[in-house]
Amino acid sequence: MKATLLKSEDYTRSPWKNGGGVFTDIADAHRPGVTTKDWDSLLWRFASTPIVAPGPFSHMPGIDRLQMVTGGRGLVLRAPGQEFDEREPFTTVRFTGEMEIVTELEAGPVEVVNLMARRGAAEIELLALKEPGERPLPAGTHLIYAVSGDCCIQVEGEEYVIPSGCTLKMELSAASKLSFVSGLAVLGSIRLVG
């Protein structure tokens, strides 16, 4: 297992694909050997972003997306014939980058965490860690983002304290177990396939 603390002051910023806002890039991966890291070379990205006004989502063909509100409330995503309800914080929704989605804000701006992956290249999961307990972790990359205040976890007998706003990146070559001790966090899991 390799564990790396990603500090909030080292996160990078980049524009949304449609230019309508700015991502805070927490972690990402691109195809090996590429010289230009862009949307075409992206394998996966874990990021947070504010949504401050209603508007369209970026068109991202071939990308699967998971999203969760971590600050504020009242977000609804509307697509033709479909609605994704994120009115309550820490609810995960899954949709494809091809969908024509427009946001509605029922109670002001929100902060969201996104986990995106190129379809066929990676399988992704996104969930909130709010209560102490154990959960299995498959082999792959796992990102524990401390949403509000410090959080504490244990993996393979080691204890980690993740400062508020920072992220612990764990790369597991074999299945393991995560003990969530305290705090409030979002867990993003990525398993490369193929």
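Residues numbered from 1 in each chain as written. Predicted model: local features only at pLDDT ≥ 70, side-chain atom pairs only at ≥ 80, totals over all residues. Heavy atoms only, no water.

Draft legend 1. Region of the structure containing the environment of Lys-2. Of note, Lys-2 is situated in strand 1 (residues 2–6). For the pair Lys-2 and Ser-173, spaced 171 residues apart in sequence, the C-alpha to C-alpha distance is 8.9 Å. Once residues within four sequence positions are removed from consideration, Lys-2 is found in contact with Lys-169, Met-170 and Glu-171. (Helix = DSSP H or I, 4+ residues; strand = E, 2+ residues; numbered from the N terminus. Contact = heavy atoms within 4.5 Å.)

Draft legend 2. Representation of the nonpolar core in the model. With 42 residues, the main nonpolar core has Trp-44, Phe-46, Ile-144, Ile-153 and Val-186 as its most contacted residues. Residue contributions to this core peak at five residues, all from strand 11 (residues 122–129). Residues contacting Ile-144, with those up to four places away along its chain left out, are Leu-129, Cys-151, Ile-153, Ile-162, Cys-166, Thr-167, Leu-168, Met-170, Ala-185, Val-186 and Leu-187. By size, the runner-up hydrophobic cluster in this structure holds 19 residues, among which are Phe-23, Val-110, Val-112 and Met-116. (Core = buried A, V, L, I, M, F, W, Y, C linked by side-chain atoms within 4.5 Å. Buried < 20%, exposed > 50% of the residue type's maximum accessible area, 1.4 Å probe, protein only.)

Draft legend 3. The arrangement of the side chain of Ser-189 in detail. By the secondary structure assignment, Ser-189 is in strand 18 (residues 185–192). Among the polar contacts made by the side chain of Ser-189, one reaches the side chain of His-142 at a distance of 2.8 Å. Once residues within four sequence positions are removed from consideration, Ser-189 is found in contact with Leu-115, Glu-123, Ile-124, Glu-125, Thr-141 and His-142. (Polar contact = N/O pair within 3.5 Å; in protein donor to acceptor, adjacent residues only side chain to side chain.)

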